[in-house]
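# Fold and geometry: a report
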Amino acid sequence: MHFFTYKGNELYAEDVPVRTLAERYGTPLYIYSYSTVLRHFRAYDEAFASYPHIICYALKANTNGALLRLLAKSGSGADIVSGGELFRALKAGIPPEKIVYAGVGKTEAEIMTALKNRVLMFNVESEDELREIDRVAGRMKVKAPIALRINPDINAQTHPYISTGMKEHKFGISIGSALQNYGLAARLKNIEVVGLQKHIGSQITKISPYVEAMEKILLLLDTLRSRKFRIRYLDIGGGLGISYKDEKPPVPADLARKLLPLINGRKLTLIMEPGRSIVGNAGILITRALYLKKGAGKEFVIVDAGMNDLMRPSLYDAYHHIQPVIMNKRAAVTADVVGPICESGDFLAKKRRMPKVNRGEYLAVMSAGAYGMSMSSTYNSRPQAAEVMVKGSTHSLIRKRGTLDDLVRDEVIPGFLK
Ligand SMILES: *Cc1c(COP(=O)(O)O)cnc(C)c1O
């Protein structure tokens, strides 16, 4: 559910006409709906209300500070994967005791900063990393709270690039060597074992992989507890899908209905790490049709947003619905919607059956709130898009459009070239 709807033939973001925003702030423009983000967050919070839980929003889906502030004010924690994300989470007011730290390549400096700020726990992805955290914690004379990220060898039945929970993936510690690694963790003096984590992938549209993974993980949890490990946090990761096209993914309430019976009676705090399902459908990307071009047997709509603004179609062959901001009656055509970047992979849609586009009009690329702006770049020296948040009938710029100066600000011309 989201609050981007047509009133008459005009697309609105909550109570604001999208065209007004495009004219005011320019394009390409990301627009986020405050009420949609809040609604998605609350859907989790309410579904799991009967069980102790922390919702740790996965920052990498979208790191805009205004979105983070909204989530922080709603009681969200954070799932971070770098020192940069830790910085953003803390700056937005997310308390460190609600921050979990994942990622296969944590550096010494990042580990130190996370320990100094007393994050809730490190989700450790290898034996080497466990030893490194122990070493750094020892030097700082603190105990590092950790969970092991266990790879349950489950097929999440999603795109291979966003599937993470099978044994051939780089993530986590294989379930077969879990006990051995927990044993090591118990022997390391500066490590305190507090949790167990898994995350099997992204854009998961079925409930069965969650149930299957949970059952496997709970067997391990019970074994650990019988061996006197004090596991307090069970972190089931994120990954719940959204509807891009016609998918019918489960909602948090479905997840709660299936998962809570499995853990009721066990004393735990449940942690979830949703990213896409919080912000994905809470954002759209507005672009303008610059040119129309007839190719050999196909039509191109050339727009002012490219793969640097929204990489998902190029990277994952992902589907995003694209529709005119003013939807008047017109014929349907089949077209490729492409950006201005000098790459054949620069497209937003291919062979898309869509309303015939008029030159100069605004188009809305739907479901662009997650892995859109956060994956964007300035490739082809294109300043980054602006971002706006709408709440009811009010709207506010939450990130200024990039400038030409931004493109070169951090470059240095060496003395020998002066
Ligand atoms: C990416 C990621 C998430 C969030 O995934 P979504 O599909 O956006 O919900 C959660 N946890 C970990 C460890 C991740 O890498």
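Remember, it's a predicted structure, so these values are computed and weren't measured experimentally.

### Some points on the overall build of the protein chain
When helices and strands are tallied, the protein chain shows 12 helices and 21 strands. Computed over C-alpha atoms, the radius of gyration of the protein chain comes to 23 Å, within 12% of the 22 Å expected from 2.2 N^0.38 for 418 residues, which places it in the range of a compact globule. A burial count over the protein chain gives 54% of its 418 residues as buried. In the protein chain, the share of contacts with a sequence separation of at least 24, taken over all contacts with a separation of at least 6, comes to 70%.

### Quick notes on the side chain of aspartate 235
Within the secondary structure, aspartate 235 sits in strand β12 (residues 233-235). No salt bridge is formed by the buried aspartate 235. Its closest oppositely charged neighbour is lysine 198, at 7.7 Å. Residues contacting aspartate 235, with those up to four places away along its chain left out, are Val100, Met121, Asn123, Leu196, Gln197, Lys198, Ile271 and Glu273.

### As for the domain arrangement of the protein chain
Here the protein chain is partitioned into domain 1 (4-31 + 280-408) and domain 2 (103-272). If you average the C-alpha positions of domain 1 and of domain 2, the two centres end up 36 Å apart. If you look at the interface, domain 1 gives 9 residues, while domain 2 gives 7 residues. Between domain 1 and domain 2, roughly 780 Å² of surface is buried when both sides are summed, and carbon and sulfur atoms account for 59% of that area. Between domain 1 and domain 2 we count 0 salt bridges in total. The interface formed by domain 1 and domain 2 includes 0 residue pairs in polar contact (both at pLDDT 80 or more). The residue makeup of the side of domain 1 that touches domain 2, split by class, is 3 nonpolar, 5 polar and 1 charged.

### Some remarks on the site of the ligand
Looking at the ligand, there are 13 residues lining it, with Lys60, Ser202, Glu273, Arg276 and Tyr371 nearest. With respect to the ligand, the side chain of histidine 199 contributes an N or O atom lying 3.4 Å from a nitrogen atom. With respect to the detected pockets, the ligand is housed in the largest pocket. For the shell around the ligand, a count of residues per class yields 3 nonpolar, 5 polar and 5 charged.

### Remarks on a nonpolar patch on the surface
There is a patch of nonpolar side chains on the surface, built from Ile413, Phe416 and Leu417 and spanning about 400 Å² of accessible area. As for its placement among the helices and strands, phenylalanine 416 is situated in the segment after α12 (404-408).

### Examining the layout of surface pockets
Roughly 550 Å³ of internal volume is contained in the largest pocket. As for the largest pocket, its lining consists of 29 residues, of which Lys60, Val81, Thr164, Phe171 and His199 are closest to the centre. Residues of the lining of the largest pocket, tallied by class, amount to 12 nonpolar, 10 polar and 7 charged. The residue makeup of the lining of the largest pocket includes at least three contributed by each of domain 1 (4-31 + 280-408) and domain 2 (103-272). In this structure, the second largest pocket occupies an estimated 350 Å³ of space. Together, 17 residues line the second largest pocket, and Met1, His40, Pro250, Val251 and Pro252 are the ones closest to its centre. Within the residue set of the lining of the second largest pocket, elements represented by two or more residues are α2 (34-47) and α9 (252-263). A per-element tally of the lining of the second largest pocket places α2 first, with 5 residues.

### A few points about the environment of methionine 307
In this structure, methionine 307 sits in the loop between β15 (299-303) and α11 (312-316). The spacing of methionine 307 and serine 376 is 69 residues in sequence and 7.8 Å in space, taken between C-alpha atoms. Residue contacts for methionine 307: discarding those within four places in its chain leaves Ser314, Ile341, Glu343, Gly345 and Asp346.

### Remarks on the packing of aromatic side chains
Both the distance between ring centres and the angle between the ring planes are used here to describe each pair of aromatic rings. Under the definition given, this model contains 3 aromatic pairs. When the centroid spacing of 5.7 Å and the interplanar angle of 35 degrees are considered together, the rings of tyrosine 101 and phenylalanine 122 count as tilted. On the criterion of sequence distance, the pair formed by tyrosine 101 in strand β7 (residues 99-101) and phenylalanine 122 in strand β8 (residues 121-124) is long-range, its members being 21 residues apart. The class of tyrosine 101 is buried, set by a relative accessible area of 1%. Classification of phenylalanine 122 by relative accessible area gives buried; the value is 0%. Ring plane angle 70 degrees and centroid distance 5.7 Å describe the contact between tyrosine 182 and phenylalanine 229, whose orientation is recorded as edge-to-face. Of the two residues, tyrosine 182 sits in helix α7 (residues 178-187) while phenylalanine 229 sits in the loop between α8 (208-226) and β12, which places them 47 residues apart along the sequence. What makes tyrosine 182 buried here is its relative accessible area of 0%. Taking the relative accessible area as the measure of exposure, phenylalanine 229 reaches 14% and is therefore buried. Over the ring of tyrosine 34 we find lysine 391, and its NZ or CZ is 5.0 Å from the ring centre.

### Digging into empty space enclosed by the protein
Counted by the stated rule, this structure contains 2 cavities of 30 Å³ or more. By volume, the largest cavity is sized at about 70 Å³. Around the largest cavity sit Tyr44, Tyr210, Ile236, Gly237, Gly238, Gly239, Leu240, Leu255, Met272, Glu273, Pro274 and Ser277, which together line it. Residue composition of the lining of the largest cavity, grouped by class: 7 nonpolar, 4 polar and 1 charged. The calculated volume of the second largest cavity comes to roughly 50 Å³. Lining the second largest cavity are Leu292, Glu299, Phe300, Val301, Val333, Ala335, Met354, Pro355, Lys356 and Val357. Counting only elements with at least two residues in the lining of the second largest cavity, the list comes to β15, β17 (332-338) and β18 (347-355). Of the residues that constitute the lining of the second largest cavity, the class distribution is 8 nonpolar, no polar and 2 charged.

Definitions and limits used
Residues numbered from 1 in each chain as written. Predicted model: local features only at pLDDT ≥ 70, side-chain atom pairs only at ≥ 80, totals over all residues. Heavy atoms only, no water. Helix = DSSP H or I, 4+ residues; strand = E, 2+ residues; numbered from the N terminus. Rg over C-alpha atoms; globule rule 2.2 N^0.38 Å. Buried < 20%, exposed > 50% of the residue type's maximum accessible area, 1.4 Å probe, protein only. Contact = heavy atoms within 4.5 Å. Lys, Arg positive; Asp, Glu negative; His and termini not counted. Salt bridge = Lys/Arg side-chain N within 4 Å of Asp/Glu carboxyl O. Domains from an automatic or database assignment. Buried area = accessible area lost by both parts, 1.4 Å probe. Polar contact = N/O pair within 3.5 Å; in protein donor to acceptor, adjacent residues only side chain to side chain. Nonpolar A, V, L, I, M, F, W, Y, C, P; charged D, E, K, R; others polar. Near = heavy atom within 4 Å. 1 Å grid on protein atoms, 1.4 Å probe; cavity = no way out; pocket = protein on both sides within 12 Å on 5 of 7 lines; lining within 4 Å. Sits in = over half its atoms within 2 Å of the grid points. Patch = residues over 30% accessible without salt bridge, like charges linked within 9 Å, V, L, I, M, F, W, Y side chains within 5 Å. Areas by Shrake-Rupley, 256 points an atom, 1.4 Å probe, with all protein chains shown as cover. Points joined across faces, edges and corners; volume = space filled by probe spheres on them. Phe/Tyr/Trp six-rings, centres within 6.5 Å; stacked < 30°, edge-to-face > 60°. Lys NZ or Arg CZ within 6 Å of the ring centre and 35° of its normal.

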